[in-house]
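# Close look at the chain arrangement
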Amino acid sequence: MIRIKEIIFVALLFITFSMNAQKVYQGMTFHKGRPLANVIVMVNEGGNQTKTDKNGRYKIQAKIGDDIFFNYIDMKQAVRRVLKSTFVLNVTMESIETEGLKNVTVTGQKKRLVTQQELSLAYNTNVNIINTGFGFLNKETVGFGLQILDEKDISPSAINILAVIQGRFPGASICIQGDPSQKTSATSRGAVIYMRGGGSIKHPIQAIYEIDGFIFETPPLFLDVSTIKRIAKISSFAGVTRYGAIAAGGIFIINTKAAMFSGSKGRKDLALAKNNIYKSDAITLEQEKKNRPSYFNELYACTTLKEAKEVYRKFLKNYGTSEIYFLDSYAYFSNYWNKSDYAKELIVNKKNFSNNSTSFLKALAYYLDANGEEEKACEFYKKVFIKEPNRCQSYRDLANNYQQIGNLKKATDIHIRYNYLLNQEFLTEDGDDVFDLIGSEFNMLQRLKRASVTPNSKLIKKEEPEKGVRIVFEWSSENADIALQFVNPKNKFYRWSNISESIAVTSSSKEFFINHDMPGKWLVNIMYKNKDIKPTYMKTTIYTDYGKPTQQQKTQVHRLSLKDVNQHLFDINVSAK
C-alpha cells in the first residue's frame, strides 16, 4: 500500500513539474491580413519578452497557464493563455477604435468629397486628406492603400522624421542602407526606410519622400518634426505609378504647417520625378518574331494543316529532345490552327513528362490555361508540386488551378495546408510577391464563393481587395530577370524590376492593380534578361471587375528570348468608375 502511494506521489510530482516546465512557443502576428513586425511579445507582466521579426514571427519561452501579451502602438493589446494543447499562437492585432464625435446629430448620408476644390476646403479639418504634388488625395475614396498620420499623433519628443515614422506605419522598417535585412534605429547613421513590397525580394528599393511638392531620395533628417502637419504612406503599385520609377520603393508624403523648411540636401524638383516620358521604344510582336529559330518561319508559312505537320516532323529529327521545340510546336498548332486536335496529340504522344524540368511543365500548363484547358493543366501543376513541394509558389499555382476549374474544396485545402506549413516554418518563403498573391486569391475565394469555403479559417487574407484592373504575371523560370514597364494614358511610365544578384529561391509571380482614377489606354512592355540559353515563358492574366460577380479574365502566354530589348506585351483599356 505504501509502495502504491509512493508511485502516485512521484507521478503527481512529475505531472506538476511538467506543467510548470517552460518550453518554446512560436507563432505569427498579423494586422489586416499582413504580418506585423516589431510587436512586443511578453510572458505575464514583466516576464520574458521579445519582438516579432520582419515576417511577423516570434519565439518565446513560457509554461502552461502563462498569459502572453502582445502590444503594438495604436493597437489593442491581445492576450493569449498557454494551454496544454497549445503549440502555435497566431494573433491578429486590431486597431484602436477612435471615439465618435459627441453631441453630433447625423441628418443625412455623409457627402463623399470628390473634387479638388472640395478636398482643398476640407483639408484643415479632415485628417483623411493629404496634399501631394499631384493634388489632394482622400483616404476614404482613393482605390489604393493610403495610411495617414496627423500632427496630433506625432510625438513632440521624436528626434527626426525616422523616429516619427518608426512603429507608426505597418510594413515600414528602418534598416541599414543597402541591407534591408539589418534593422537599425532612427539614430543610426545611414539609416533608411524600406516598405514591404518595395521593389522585389531580389532588389529591395528604399522609400523616397515628398515634402510640400519636393522629392527627396534620402530621409530628410534636417526637417524640424514640430513643423509637420500630416504624413501619408503609399506603397501600392496603384498609388505610386504617378511618380514613376523613382517611387518604386514606396513614398512618404509630408505636409508641413507652413510649407517651408530649411535645408536642400538631396532635394529634387517634383517635375524631375515626373520626367518619365515614354519614347515609344518598345518593339512589336512581329519584330520580335523575326529573331526566333528558323523552324518558326517555315511553320508560319504553311497554308494547310497537312503541310504544317510535315514541317513539324522534318525539324523533329534535329529537335526531338528539345523541350523548347515541343512547347513552340504545341503553341503553334493550338493557336494558329484554332486549337487543332493535333496539338492535343502532341501531348498524348509525349510518353513521359515526369523527367522534364519544372520550367517546361509550368510553361505547358500556361499554354493549356490560355487555351481554356485548365483541367488538363492541373496534371502539370501537380507534377511541379511533386518536384518542388517546399516552395510557396507550388502551393499558389495548384490552389489557383483548383479554383479556376471550380474545385473549391481542394483549393481551400491547399490554402489551409500552405498556411499551416508556413506558420511551422516548414515551407521556404518565396518572398513578399507570392505571399501577397496568395492573400489576394484566398480573399477572392472567400468573397465570391463564401458558401463553399471552410468558415472561420485563420488563413492570411486582406480585408478589402484593391480596386481596378488586376494583372497577374507568372514566369516559368525562377532564374529569369525581368523589368516591366507600365505606360499610362498620359504617356508617362512606371517600371518594376526583379533584377539584381540572384539568390537561391525567389518567387516567379507578381500582381499589379491599375486604378480607375487613370482611365484610358495603358501599354505594358517588358525587358528580359536572359541568364539561360533557353527562353522563358510568361503567362499574363488580366482581370476586369476584379472581386465582383461580373469579374472576367483574359489569359495569354508570351515567349521571352530577346535580351536587353524593350518588348511590347499588350494594351489595357481602363475605364473610369
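Note: the structure precedes this text.
The sections below set out a description of the structure shown in this document.

Cut-off values and rules
- Residues numbered from 1 in each chain as written.
- Predicted model: local features only at pLDDT ≥ 70, side-chain atom pairs only at ≥ 80, totals over all residues.
- Heavy atoms only, no water.
- Helix = DSSP H or I, 4+ residues; strand = E, 2+ residues; numbered from the N terminus.
- Buried < 20%, exposed > 50% of the residue type's maximum accessible area, 1.4 Å probe, protein only.
- Contact = heavy atoms within 4.5 Å.
- Areas by Shrake-Rupley, 256 points an atom, 1.4 Å probe, with all protein chains shown as cover.
- Pairing = 2+ DSSP bridges.
- Axes fitted to C-alpha atoms, helices over the stretch in contact; angles between N-to-C directions.
- Parallel < 35°, antiparallel > 145°, perpendicular 65-115°, else oblique.
- Nonpolar A, V, L, I, M, F, W, Y, C, P; charged D, E, K, R; others polar.

## What to know about the overall build of the protein chain
- On a plain count of helices and strands, the protein chain comes out with 15 helices and 28 strands.
- Scored against the burial criterion, the 577 residues of the protein chain give a buried share of 50%.
- Partitioning the intrachain contacts of the protein chain with sequence separation of at least 6 by distance along the chain shows that 65% fall at a separation of at least 24.
- Here the protein chain has roughly 28,600 Å² of accessible surface; of this, 52% comes from carbon and sulfur atoms.

## Describing the sheet that holds strand 26 (residues 536-544)
- Spatially, four strands are ordered 24-21-26-27 in an open sheet, and the strand pairing comes out antiparallel. Bordering the open sheet on either side are strand 24 (509-514) and strand 27 (552-560), each of which pairs with just one other strand. Within the sheet, the average angular offset between the axes of one strand and its neighbour, ignoring direction, is 15°.
- In the sheet, strand 26 pairs with strand 27 via nine bridges, with the strands oriented antiparallel. If you follow Thr 536 over to strand 27, its bridge partner there is Leu 560.
- Sheet strands touched by helix 13 (residues 392-404): strand 21 (469-475), strand 24, strand 26 and strand 27. Its angle to strand 21, the strand with the most contacts, is close to 125°.

## Re the sheet that holds strand 25 (residues 520-529)
- Ordered in space as 23-22-25-28, the four strands form an open sheet in which the pairing is antiparallel. Pairing within the sheet leaves two strands with one partner each, and these edge strands are strand 23 (493-497) and strand 28 (566-574). The sheet shows a mean angle of 20° between the axes of neighbouring strands, taken without regard to direction.
- In the sheet, strand 22 (residues 481-487) pairs with strand 23 via five bridges, with the strands oriented antiparallel. By the bridge assignment for strand 23, Leu 484 is matched with Trp 496.

## Some remarks on the environment of Lys 350
- Checked against the element boundaries, Lys 350 lands in the loop between helix 10 (341-349) and helix 11 (358-370).
- A sequence separation of 24 residues divides Lys 350 from Phe 326, and the C-alpha atoms of the two residues are 9.3 Å apart.

## Section: the packing of helix 9 (residues 323-336) against helix 11
- Where helix 9 contacts helix 11, the axes come no closer than 11 Å and their chain directions differ by 0°. When the axis of helix 9 is compared with that of helix 11, the two are roughly parallel. For the pair formed by helix 9 and helix 11, the contact residues are Glu 323, Phe 326, Leu 327, Tyr 330 and Ala 331 on the first element and Phe 360, Ala 363, Leu 364, Tyr 367 and Leu 368 on the second.
- The residue makeup of the contact of helix 9 with helix 11, split by class, is nine nonpolar, no polar and one charged.

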